[in-house]
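Chain residues, written in single-letter form:
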Amino acid sequence: MDGVSGITQTNHTTMYPRQININQFFRERITVFPLFSLETAATMVREINQTHEFAVADAVKGKDIKQHFEQALVLPETSPVTKVQIDHLHAMLWHYNLLPNPISFNSFMAQRYTPPQKVGISMHCDGNRFDHVIAVLVLEGGGDLYTYTDRDGSNPYRVPANTGDCIVFDNTVLHSVVDVYAPRVTLTGRFDLAPHKGW
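Counting from 1, residues in each chain are numbered in the order their sequence is written. Local features in this predicted model are restricted to residues whose pLDDT is 70 or higher, and side-chain atom pairs enter the listing and the counts only when it is 80 or higher, whereas totals over whole chains, interfaces and linings include all residues. Think of the side-chain values as coming from all heavy atoms in the structure, minus any hydrogens and water.

A. Local environment of the overall build of the protein. In terms of helices and strands, the protein carries three helices and 11 strands. Numbering goes from the N terminus for both helices and strands, where a helix is a DSSP run of H or I of at least four residues and a strand is a run of E of at least two. Going from the N terminus to the C terminus, the protein shows its helices and strands as α-β-α-β-β-α-β-β-β-β-β-β-β-β. Residue exposure (1.4 Å probe, protein chains only): buried if accessible area is under 20% of the type maximum, exposed if over 50%, otherwise partly exposed. For the protein, with 199 residues in total, the buried portion stands at 47%. Two residues qualify as a contact provided that any one of their heavy atoms is within 4.5 Å of a heavy atom in the partner residue. Expressed as a percentage of contacts within the protein between residues at least 6 apart in sequence, the contacts between residues at least 24 apart total 79%.

B. Molecular detail of the packing of aromatic side chains. Pairing of aromatic rings covers Phe, Tyr and the six-membered ring of Trp, with a centre-to-centre limit of 6.5 Å; geometry is then stacked below 30 degrees between planes, edge-to-face above 60, and tilted otherwise. Tallied over the entire structure, the rule returns three aromatic pairs. Centre to centre, the rings of Phe-25 and Phe-26 are 5.6 Å apart; their planes meet at 80°, and the pair counts as edge-to-face. In this structure Phe-25 comes out as buried when scored by relative accessible area, which is 7%. With relative accessibility at 57%, the residue Phe-26 sits in the exposed group. Residues Phe-105 and Phe-108 carry aromatic rings whose centres are separated by 6.2 Å and whose planes lie at 85° to one another, so their mutual orientation is edge-to-face.

C. Inspection of the nonpolar core at higher detail. Here, nonpolar core refers to any group of buried Ala, Val, Leu, Ile, Met, Phe, Trp, Tyr and Cys residues whose side-chain atoms link them within 4.5 Å. One finds Leu-89, Phe-105, Leu-137, Leu-139, Val-168 and Leu-187 to be the most contacted residues of the largest nonpolar core, which totals 31 residues. Put simply, the parts of the chain that give this core at least two residues each are helix 2 (38–51), helix 3 (80–95), strand 4 (107–113), strand 6 (130–141), strand 9 (165–170) and strand 11 (184–192). With five residues, the single largest contributor to this core is helix 3. Among the nonpolar cores identified, the runner-up in size contains 16 residues, and Ile-65, Ile-121, Val-138 and Val-159 belong to it.

D. Representation of helix 3. One less than the residue count of a helix, multiplied by 1.5 Å, gives the span that helix is expected to have. Over its 16 residues, helix 3 runs 23 Å from end to end, which matches the ideal 22 Å to within 8%, given 1.5 Å per residue. Inspection of helix 3 places Val-81, Thr-82, Gln-85, Ile-86, Leu-89, His-90, Met-92 and Leu-93 among the buried residues, and these make up the whole buried set. Residues of helix 3 that are buried make contact with strand 1 (30–34), helix 2, strand 4, strand 6, strand 9 and strand 11. Where helix 3 ends, the next residue or the one after it, Asn-97, has phi of about 60°, a positive value.

E. Main features of the sheet that holds strand 5 (residues 117–124). For two strands to count as paired, DSSP must find a minimum of two bridges between them. Read from one edge of the open sheet, four strands run 5-10-7-8, paired in antiparallel fashion. Of all the strands in the sheet, the pair left with one neighbour each is strand 5 and strand 8 (157–159). When the angles between neighbouring strand axes are averaged without regard to direction, this sheet yields 25°. The pairing of strand 7 (residues 144–148) with strand 8 spans three bridges and is classified as antiparallel. Following the sheet pairing, Thr-147 is matched in strand 8 by Tyr-157. Angles run from 0 to 180 degrees between N-to-C directions of axes, and those axes are lines fitted to C-alpha atoms, restricted for helices to the stretch in contact.

F. Broad picture of the sheet that holds strand 1. Read from one edge to the other, the open sheet built from seven strands follows the order 1-9-6-11-4-3-2, with strand pairing classed as antiparallel. The outermost strands of the open sheet, each flanked by one partner alone, are strand 1 and strand 2 (55–56). Across eight bridges, strand 6 lies against strand 11 in antiparallel orientation. Each residue of the ladder has a partner; that of Leu-137, found in strand 11, is Leu-187. Of the strands in this sheet, strand 4, strand 6 and strand 11 are in contact with helix 2, which crosses strand 6 at around 105°. Together, strand 1, strand 4, strand 6, strand 9 and strand 11 form the strand contacts of helix 3, whose direction differs from that of strand 6 by roughly 135°.

G. Region of interest: the packing of helix 2 against helix 3. Where helix 2 contacts helix 3, the axes come no closer than 8 Å and their chain directions differ by 125°. In terms of orientation, helix 2 lies oblique with respect to helix 3. Crossing angle aside, the handedness with which helix 2 passes helix 3 is left-handed. Side by side, helix 2 and helix 3 meet where Thr-40, Thr-43, Met-44, Glu-47 and Ile-48 of the first sit next to Pro-80, Val-81, Thr-82 and Gln-85 of the second. Any angle from 65 to 115 degrees is called roughly perpendicular, while one under 35 is roughly parallel, one over 145 is roughly antiparallel, and all others are oblique. Here is the rule for handedness: rotate from the far helix to the near one, and if that takes an anticlockwise turn smaller than a right angle the crossing is left-handed, while a clockwise turn gives right-handed.

These figures come from the coordinates and say nothing about function on their own.
Written out as structure tokens, the structure is:
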């Protein structure tokens with residue numbers, strides 16, 4: 001056992017090539033790539049569920065953003081398999097100059113969406129509190145992430161992502177999660193300029 005109740009220590013290295021479509025990122029400010037296996041994703045969900053408490057996401061103060069999910073502040077050091085994947089992610093982002101080395105994400109939030117939900121979270125961008133890029137690791141799920149070109153919701157683009165994928169986008173990208181048709185769990189990494197401010 002690896003110290004987390006009920007989790008057996010296995011080799012959770014990826015079975016996928018770690019390739020980032022860098023041209024897509026600079027063209028569209030978003031890209032998707034496989035980061036870990038389905039087995040690793042399932043282990044990360046168990047780890048996070050066993051070591052963190054989820055609570056209903058609070059309303060966003062001063063903004064008309066609809067949220068229908070639970071969230072938990074994740075401390076990677078308490079989740080060994082999750083920490084390994086985060087370390088791999090940082091190495092990739094540094095290699096492709098998407099995150100300045102040695103800057104690393106200092107905020108990780110898990111989101112748990114329960115179906116059916118027409119809107120998991122409505123259109124928004126993560127704002128000036130967060131710098132550089134944002135990474136969303138898809139640990140389980142159903143539900144589509146969409147991006148938009150303006151706040152009128154113009155040119156909606158469905159971002160194809162499966163369990164085990166990582167979605168990386170610029171912190172100014174407008175996006176939403178809609179049509180949650182099956183349980184969805186994600187882990188979002190950000191560089192928070194006000195990490196002690198709370199949520």
